[in-house]
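# Coordinate analysis (summary)
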Amino acid sequence: MSKSEALIRVVVAYIVALLSAIIMVSFLDLGPLLMAIVMDVIGTLVIFGFGRYYGNSSFYDPYWSVVPPAMALFWMSVGSSGEVVLRELAVLGVIFYWATRLTLNWAYFWEGMNHEDWRYEMLRNRAPKIAVLTDLVAIHLIPTTIVFMGMLPVFAVFIMGSSPFSWIDILAVLVGVGAVSLQMISDFQLRAIAANKDSNESLAKGLWAWSRHPNYFGELGFWLSLFLFGISAHPSGWIWQILGVIGMTLMFLFASIPMMEKRSLERREGYQDVIDNVSMLIPLPPKRNS
């Protein structure tokens, strides 16, 4: 199967997931928060089914970036808070900037139906007897839950927000645009290094010389920007709005980064030297040239 045909099948899977979610919630009388939760879970289960059918859980990869803009548009359509249009437009702009970059980056690097994120196989192999459960929970439902928590500030903006546009919103825009731009630059630099097939060099150039995971730092910056929008719109709800930032940080620190580090140590000559001299996440001047 060609890559283009595989991408078409992924698009079809997401259309089916969306329609399934809409049909199911049409029979329920729920508020905007519960409705979004139900649709999110149904969509995740449908994509999980497609992944199992094709034997490739990377069907779920675009879910991370496709669902947030759809969820934001849904809350905008049902929300009664139309008093602070500038904030709503700003948060939509940041979300779509982030989602476009991340989705296109995935589509560029995904090789097709014969390519699955290596982390998924690693997770399933830890307990082969419950591989299907690991696939459903660890690869699909837990990330869906973390992303939903990250979107709670957007719920606050469209459904609960009435505070006037402020300097916090301006800061949120700067943080969000800066974070996504940092991710984009790190993508280009990573692509340039990966294209040099004859080189054994480790990732220690450009942004990667200041942080071993600048793309993850940018990702956390994006979710932080949504939190800033949320507390500007609804300051008293900061306790539940910050859950997403906490969840994302824990996931990167205790799951994504350790897995990436282990793989890089196995595959990249001299990566231990990078670990010894380059900051793990927050960009800092390297201790010395690695």
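Residues numbered from 1 in each chain as written. Predicted model: local features only at pLDDT ≥ 70, side-chain atom pairs only at ≥ 80, totals over all residues. Heavy atoms only, no water.

## A look at the overall build of the chain
When helices and strands are tallied, the chain shows 12 helices and zero strands. Along the chain direction, N to C, the helices and strands of the chain fall in the order α-α-α-α-α-α-α-α-α-α-α-α. A globule of 290 residues ought to have a C-alpha radius of gyration of about 19 Å, and the chain, at 20 Å, matches this closely. Dimensions of the chain along its principal axes, counting C-alpha atoms only, are 55 × 45 × 35 Å. Out of the 290 residues belonging to the chain, those deemed buried represent 47%. In the chain, 80% of the contacts between residues at least 6 apart in sequence involve partners at least 24 apart. (Helix = DSSP H or I, 4+ residues; strand = E, 2+ residues; numbered from the N terminus. Rg over C-alpha atoms; globule rule 2.2 N^0.38 Å. Buried < 20%, exposed > 50% of the residue type's maximum accessible area, 1.4 Å probe, protein only. Contact = heavy atoms within 4.5 Å.)

## Observations concerning the nonpolar core
Grouped burial of nonpolar side chains is what soluble globular proteins tend to show. Of all hydrophobic cores here, the largest spans 63 residues; its most connected members are Trp75, Met151, Val154, Phe158, Trp223 and Leu226. Among the elements that take part in this core, helix H9 (residues 214–233) stands out by supplying 10 residues, more than any other. (Core = buried A, V, L, I, M, F, W, Y, C linked by side-chain atoms within 4.5 Å.)

## Quick look at the packing of aromatic side chains
A full pass over the atoms with the stated rule returns 14 aromatic pairs. Ring geometry for Tyr53 and Tyr54: centres 5.0 Å apart, planes at 90 degrees, overall edge-to-face. Ring geometry for Tyr60 and Tyr63: centres 5.1 Å apart, planes at 15 degrees, overall stacked. The burial state of Tyr60 is the same as that of Tyr63; both residues are buried. Here the aromatic residues Phe50, Tyr53, Tyr54 and Phe59 are joined through ring pairs into a cluster of three or more. (Phe/Tyr/Trp six-rings, centres within 6.5 Å; stacked < 30°, edge-to-face > 60°.)

## Overview of the layout of surface pockets
A probe matching the size of a water molecule, rolled over the atoms, marks out where space remains unfilled. The calculated volume of the second largest pocket comes to roughly 350 Å³. Lining the second largest pocket we find 15 residues, and of these Leu18, Met39, Tyr63, Val67 and Ala70 sit closest to its centre. Among the elements that make up the lining of the second largest pocket, the one with the highest residue count is helix H3 (residues 63–78) (six residues). Here the residues of the lining of the second largest pocket are counted per class, giving 13 nonpolar, one polar and one charged. (1 Å grid on protein atoms, 1.4 Å probe; cavity = no way out; pocket = protein on both sides within 12 Å on 5 of 7 lines; lining within 4 Å. Points joined across faces, edges and corners; volume = space filled by probe spheres on them. Nonpolar A, V, L, I, M, F, W, Y, C, P; charged D, E, K, R; others polar.)

## Description of the packing of helix H2 (residues 32–54) against helix H6 (residues 131–150)
Orientation of H2 relative to H6, taken along the N-to-C sense of each, is 145 degrees, at an axis distance of 10 Å. Crossing of H2 over H6 shows right-handed handedness. Residues Leu33, Ala36, Ile37, Asp40, Thr44, Leu45, Ile47, Phe48 and Arg52 of H2 touch H6, and the partners they reach there are Val132, Asp135, Leu136, His140, Leu141, Thr144 and Phe148. Among the residues making up the contact of H2 with H6, the classes are represented as 10 nonpolar, three polar and three charged. (Axes fitted to C-alpha atoms, helices over the stretch in contact; angles between N-to-C directions. Left-handed = near helix turned anticlockwise from the far one by under 90°.)

## Concerning the packing of helix H4 (residues 85–109) against H9
Between two packed helices, both the angle of their axes relative to each other and the distance between the axes serve to describe the pair. Interaxial distance between H4 and H9 falls to 11 Å at its minimum, and their mutual angle equals 165 degrees. For the element pair H4 / H9, the angle class is roughly antiparallel. The hand of the H4/H9 crossing is left-handed. When H4 is examined against H9, the residues Arg87, Ala90, Val91, Val94, Ile95, Trp98 and Leu102 are found in contact with a partner set consisting of Glu219, Phe222, Trp223, Ser225, Leu226, Phe229, Ser232 and Ala233. (Parallel < 35°, antiparallel > 145°, perpendicular 65-115°, else oblique.)

## Focus on the confidence of the model for the chain
Here the chain shows a mean pLDDT of 91. Residues at 70 or above account for 94%. Confidence, read as mean pLDDT per element, is least for helix H12 (residues 271–277) in the chain (88) and greatest for H9 (97). (pLDDT = per-residue confidence, 0-100.)

## Regarding helix H1 (residues 3–25)
Between the first and last C-alpha of H1 there are 33 Å, a value that for 23 residues agrees with the 33 Å anticipated at 1.5 Å per step. What H1 keeps buried is the set Ala6, Val10, Ala13, Tyr14, Ala17, Ala21 and Val25. Turning to H1, the residues buried within the fold contact H2, H3 and H4. (Expected span 1.5 Å × (residues − 1).)

## Regarding the pattern of salt bridges
As enumerated under the stated definition, the model contains eight salt bridges in all. Its salt-bridge partner being Arg124, residue Glu116 comes within 2.6 Å of it at the nearest N-O pair. Each member of the pair Glu116 and Arg124 is classed as buried. Between Glu261 and Arg212 there is a salt bridge, with its nearest N and O atoms 2.6 Å apart. Of this pair, Glu261 sits in helix H11 (residues 243–267) while Arg212 sits in the loop between helix H8 (167–195) and H9, and the two are 49 residues apart along the sequence. As far as the burial class goes, Glu261 and Arg212 line up, both buried. (Salt bridge = Lys/Arg side-chain N within 4 Å of Asp/Glu carboxyl O.)

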